[in-house]
Amino acid sequence: MALAQFLCELDQLGREAQAVFTAASDIEALEAARIQFLGMKAGLLKAAQKGLGLVDKADKPSAGQRFNQVKQQIEADLQEAQARLAGNGSAPVDGPRFDPTVPGEAPRLGHLHPITQTIEELKDLMGRLGFTAVEGPEVEDEWHNFEALNIPLEHPARNPLDNFYLATAQRLGGAADEKGLLLRSQTSTVQIRVMETTPPPVRIISLGRVYRPDDADATHYPMFHQIEGLLVDRGITMADLKSVLRLFAKSFFQDDVHIRFRPSFFPFTEPSVEVDMSWQGRWIEMGGAGMVDPNVFRAVGYDPEEFTGFAFGLGIERVCARRHNVTDIREFYKNDVRFLQQF
Ligand code: DAH
């Protein structure tokens, strides 16, 4: 057989196969078409292959090559038609096809930091006791951090080595009575800010960061978090303070928690106590508390004859660490996901 005739018939076969595959409207019709063209015994391609044997010997290599090309094209056309019908008539898809049964890639979900979780929980818990959460600035002046809290200039708490002063009035070239700035060393500052702008009664909490130039160890860090509470009204007593702190402790830990007050001193409370909590057989110091000192009321323009109040300040790292049995608070700041993902 002449090469030209062989090739002509071969091309014709390829076009026909493509047309029939494309026209197939369901799987059965396509299967019939597959047998018609690619059937092993009586398929049209098989018949064409016989023609290959009749081509002149010299033309055999090029004829064989073309035969293989057409065969591959027919097989590809069949696959495309199969995909079209499998895809419910949608257009043939190039590239990898969507398989809804393959397990997906789970997105890596983050969550709130344990300290943030604790802050949110404390807000919620104290909110149910009627305390409104308020915020104060982390860069404070000496009036709110010390003076108004009954901490006079000569008090050791104001030692430059124990605070992160940003600038003193003198160093800034300002007047001597101007107030210096520092990173607040306690959230008690917010008591003053609230009372300066709100007439009594008040019932607030404030949660946030405080800063002290302490060396970092298992229980200290130059930055940590406190929760401050303040309740001022007529006839408030220390019994109210203890009731609120006991309710707080029992809600945050479990019912088997105990609290105790130890006599102490803070310039802004009189009397003052250290608050300890015992849970699962271990006592731990949570912070300080007391009845608001009359001098603090005078500094903000409240009448100490008419109003009394209590205040407390607890370490958030401490309650969080105690709850989760974390033995080194530095873990909270390392940002190691292996630690953080446990909460
Ligand atoms: N501000 C104190 C501290 O950082 C804690 C504290 C003690 C807060 C007694 C209070 C309080 O409100 O009444 O050590």
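Residues numbered from 1 in each chain as written. Predicted model: local features only at pLDDT ≥ 70, side-chain atom pairs only at ≥ 80, totals over all residues. Heavy atoms only, no water.

A. Spotlight on the sheet that holds strand S3 (residues 165-167). Reading across the sheet, the three strands line up as S2-S4-S3 and stay open at both edges, with antiparallel pairing between neighbours. In this open sheet, the two edge strands, each paired with only one partner strand, are strand S2 (139-141) and S3. Pairs of neighbouring strands in the sheet enclose a mean axial angle of 35°, with direction left out of account. Here three bridges tie S2 to strand S4 (residues 181-183), and the two strands are oriented antiparallel to one another. Opposite Asp141, over in S4, you have Leu181 as the bridge partner. (Pairing = 2+ DSSP bridges. Helix = DSSP H or I, 4+ residues; strand = E, 2+ residues; numbered from the N terminus. Axes fitted to C-alpha atoms, helices over the stretch in contact; angles between N-to-C directions.)

B. A look at the pattern of salt bridges. For the structure shown, the criterion picks out 17 salt bridges. Note that Arg34 and Glu31 form a salt bridge whose closest N and O atoms lie 2.9 Å from each other. One end of the pair, Arg34, and the other, Glu31, are both in helix H2 (residues 27-38), three residues apart, so they sit about a helical turn from each other. The partly exposed category is assigned to Arg34, whose relative accessible area is 28%. (Salt bridge = Lys/Arg side-chain N within 4 Å of Asp/Glu carboxyl O. Buried < 20%, exposed > 50% of the residue type's maximum accessible area, 1.4 Å probe, protein only.)

C. Seen up close, a nonpolar patch on the surface. A contiguous nonpolar patch, built from Val139, Leu166 and Leu181 and spanning about 230 Å² of accessible area, is present on the exposed surface. Among the secondary structure elements, Leu181 is positioned in strand S4. (Patch = residues over 30% accessible without salt bridge, like charges linked within 9 Å, V, L, I, M, F, W, Y side chains within 5 Å. Areas by Shrake-Rupley, 256 points an atom, 1.4 Å probe, with all protein chains shown as cover.)

D. Highlighting the nonpolar core. One finds Met126, Leu245, Met277, Phe310 and Phe332 to be the most contacted residues of the largest nonpolar core, which totals 46 residues. Looking at this core element by element, the count peaks at six residues for helix H8 (residues 238-252). What Phe310 contacts, discounting residues up to four positions off in sequence, is Phe131, Gly229, Leu230, Leu231, Ile236, Thr237, Asp240, Leu241, Val244, Gly290, Met291 and Val292. (Core = buried A, V, L, I, M, F, W, Y, C linked by side-chain atoms within 4.5 Å. Contact = heavy atoms within 4.5 Å.)

E. Spotlight on the site of the ligand. Contacts to the ligand come from 15 residues, most closely from Gln186, Ser188, Arg212, Gln226 and Glu228. At 2.6 Å, a side-chain N or O of Glu228 approaches an oxygen atom of the ligand. One of the backbone nitrogen or oxygen atoms of Phe312 is found 3.3 Å away from an oxygen atom of the ligand. Protein coverage of the free-state accessible area of the ligand, which is 350 Å², stands at 91%. At the level of secondary structure, the elements contributing two or more residues to the shell around the ligand comprise strand S6 (223-233), strand S9 (282-292) and strand S10 (308-315). Counted by class, the shell around the ligand contains five nonpolar, eight polar and two charged residues. (Near = heavy atom within 4 Å. Polar contact = N/O pair within 3.5 Å; in protein donor to acceptor, adjacent residues only side chain to side chain. Nonpolar A, V, L, I, M, F, W, Y, C, P; charged D, E, K, R; others polar.)

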